[in-house]
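Listed below, chain by chain, are the residues.
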Amino acid sequence: MRPRVIALVVMFIAVSVPLFAAAKADRTNAEPPGRPAWKWTFEERLAQRFDPVKIRERAIAYQAEHPHLLAQQSVRTRADIAVDDRAVVSYVIDGRRNPELFMPHELFATLLTVVLPQEPLRSRQRDYYREDIRRFGFDDSAFWTNLEHAVSTAAPLAQWSAQPGEELCRMRHRALQSARAFFGDRLDAFLYEVIAPSQQHAVTTNLTDPAAALKRAAQGCPQ
C-alpha cells in the first residue's frame, strides 16, 4: 500500500507587491461576521477550511473573481470538484474573503519573509507595511528591530534558511510565541488584518488528515 503524502501546494503569494496593493485596495471582505478573524480558534479555522460545502463555495467565488489565475493553476480548484472525493482534498483560500481560515503560523511565515530576505527586497516590503504598522500603534523602525529580536531568540537569523522542515516548524513556533510575548494581541490582529488579505493559498493534498497536520504545525510540530 502506497503511503499517503502531500501532493502539491501550488500557490502561496507572500511577496508580490501588485497583489499586496490589490489587497490594500479591497479590505471590505477581510473580516468575518460576528468576531474578528484573529480571535478564531484552531478548531474553528480548520472546521471551516475543510468543510466540503464551504470548499465548493470558495471555489465558486474564486473562479468568478480570478479566472485568469485559475487558468494558470494545475491544482483542482474548479467549482465542480466532487464534494465526496475523499482521496484528494483540493481547496483555495483568498485572504481578502476568508482571512480567518489561515492558521497563525502560516501568516507569521509570511511576515518572516520580510525579516529574513536581503536588500533590496526587504526594504521594499517594509515600505509597503509602514502605514499599517503605524496604524496599529507601532513605531515602524522599532517594529522590525523587535521582530528580528523575537525571531533570533528561536535561532540566529543566518540559520533559518538551512533548517529542515520539522526543525523550521519548531523554530517558527518559538519565534511566534516570543513575538506574541513582546507585541501582545496586536500581533495577531496585524497578521489577520494586514497580512492575510494579501494571501491566496491553493492546495491539493492526499494526506489522510490534513487538518491534523495543520494543527500540529500550528502547535510547533511537537516531538
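Residues numbered from 1 in each chain as written. Predicted model: local features only at pLDDT ≥ 70, side-chain atom pairs only at ≥ 80, totals over all residues. Heavy atoms only, no water.

> Whenever I open this one, the overall build of the protein chain confuses me. Can you help?
Summing up its helical and strand segments, the protein chain has ten helices and three strands in all. In the protein chain, the order of α-helices and β-strands from amino to carboxyl end is β-α-α-α-α-β-α-α-α-α-α-β-α. Residues counted as buried form 45% of the 223 residues belonging to the protein chain. Within the protein chain, contacts between residues at least 6 apart in sequence are counted, and of these 79% link residues at least 24 apart. Taken as a whole, the protein chain presents about 11100 Å² of accessible surface, with 55% of it coming from carbon and sulfur. (Helix = DSSP H or I, 4+ residues; strand = E, 2+ residues; numbered from the N terminus. Buried < 20%, exposed > 50% of the residue type's maximum accessible area, 1.4 Å probe, protein only. Contact = heavy atoms within 4.5 Å. Areas by Shrake-Rupley, 256 points an atom, 1.4 Å probe, with all protein chains shown as cover.)

> For this particular structure, what's the right way to read the pairing of strand 3 (residues 200-205)?
Successive side chains on a regular strand alternate, one facing one side of the sheet and the next facing the other. Among the six residues in strand 3, six count as buried, and that is most of the element. With burial as the criterion, each face of strand 3 is covered, one bearing Gln-200, Ala-202 and Thr-204 and the other bearing His-201, Val-203 and Thr-205. Bridging between strand 2 (residues 89-94) and strand 3 involves six bridges; their strand directions are antiparallel. Among the inter-strand pairings, Ile-93 is bridged to a residue of strand 3, identified as His-201. (Pairing = 2+ DSSP bridges.)

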